[in-house]
Amino acid sequence: DSLNSAWRLWKRMFKVSTHTYNFTRNMLNFLDAKKVFPTGTWSKASDTPKILEFILYVCSLYPEKVSTDKVLYYIQSSCQSIGVCM
């Protein structure tokens, strides 16, 4: 799975340690296609800031896609806003 490969590579590159080793539908509590958003079962207090950093890093690799795709734009904006609060 490319998401998990990118996650593991990012953690090695930036020497980040997390309780979250892989993203799965079960871990995200995203078991059916009818759900609009995942709720997550990871260790939120310690891993959420690191997951946000990872998402922002991935967005920074594709600035042209983020600027032209509303969903990616809002994902990036939300991560930045949540990061400010944390």
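Right, let's walk through the structure included here. What you see is a predicted model; the values in this text were computed from it and never measured.

1. Topic: the side chain of Q76
At step 1: Note on placement: Q76 falls in helix α4 (residues 70–85).
At step 2: Setting aside its immediate chain neighbours within four residues, Q76 contacts L56, C59 and V66.

2. Thoughts on the packing of aromatic side chains
At step 1: Overall, the coordinates contain seven aromatic pairs when judged by the stated rule.
At step 2: An aromatic cluster is defined as three or more aromatic residues linked by ring pairs; in this entry it consists of W7, W10, F14, F23, F54 and Y57.

3. Considering the environment of L72
At step 1: As for its position among the elements, L72 is in helix α4.
At step 2: Taking the C-alpha atoms as reference points, L72 and C59, 13 residues apart in sequence, are found 7.7 Å from one another.
At step 3: Those residues in contact with L72 that lie beyond four places of it in its chain are K65 and V66.

4. Thoughts on the nonpolar core
At step 1: One finds W7, W10, V16, F23, M27, L28, I51 and F54 forming the largest nonpolar core, which totals eight residues.
At step 2: Breaking this core down by element, the ones donating at least two residues are α1 (2–13) and α2 (44–61).
At step 3: Ignoring any residue separated from it by four or fewer positions in sequence, one finds W7 in contact with T18, T20, Y21, F23, K50, I51 and F54.

5. Describing α1
At step 1: Between the first and last C-alpha of α1 there are 16 Å, a value that for twelve residues agrees with the 16 Å anticipated at 1.5 Å per step.
At step 2: Three or more residues of α1 are buried, namely N4, W7, W10 and K11. Angular distribution of buried residues about the axis of α1 spans 125°; they occupy a single face of the element. Exposed residues pointing more than 90 degrees away from the buried face of α1 are listed as S2 and R12.
At step 3: Trailing α1 by a residue or two, K15 shows a phi angle of about 50°, which is positive.

Cut-offs and rules
Residues numbered from 1 in each chain as written. Predicted model: local features only at pLDDT ≥ 70, side-chain atom pairs only at ≥ 80, totals over all residues. Heavy atoms only, no water. Helix = DSSP H or I, 4+ residues; strand = E, 2+ residues; numbered from the N terminus. Contact = heavy atoms within 4.5 Å. Phe/Tyr/Trp six-rings, centres within 6.5 Å; stacked < 30°, edge-to-face > 60°. Core = buried A, V, L, I, M, F, W, Y, C linked by side-chain atoms within 4.5 Å. Buried < 20%, exposed > 50% of the residue type's maximum accessible area, 1.4 Å probe, protein only. Expected span 1.5 Å × (residues − 1). Arc of directions from axis to C-beta.

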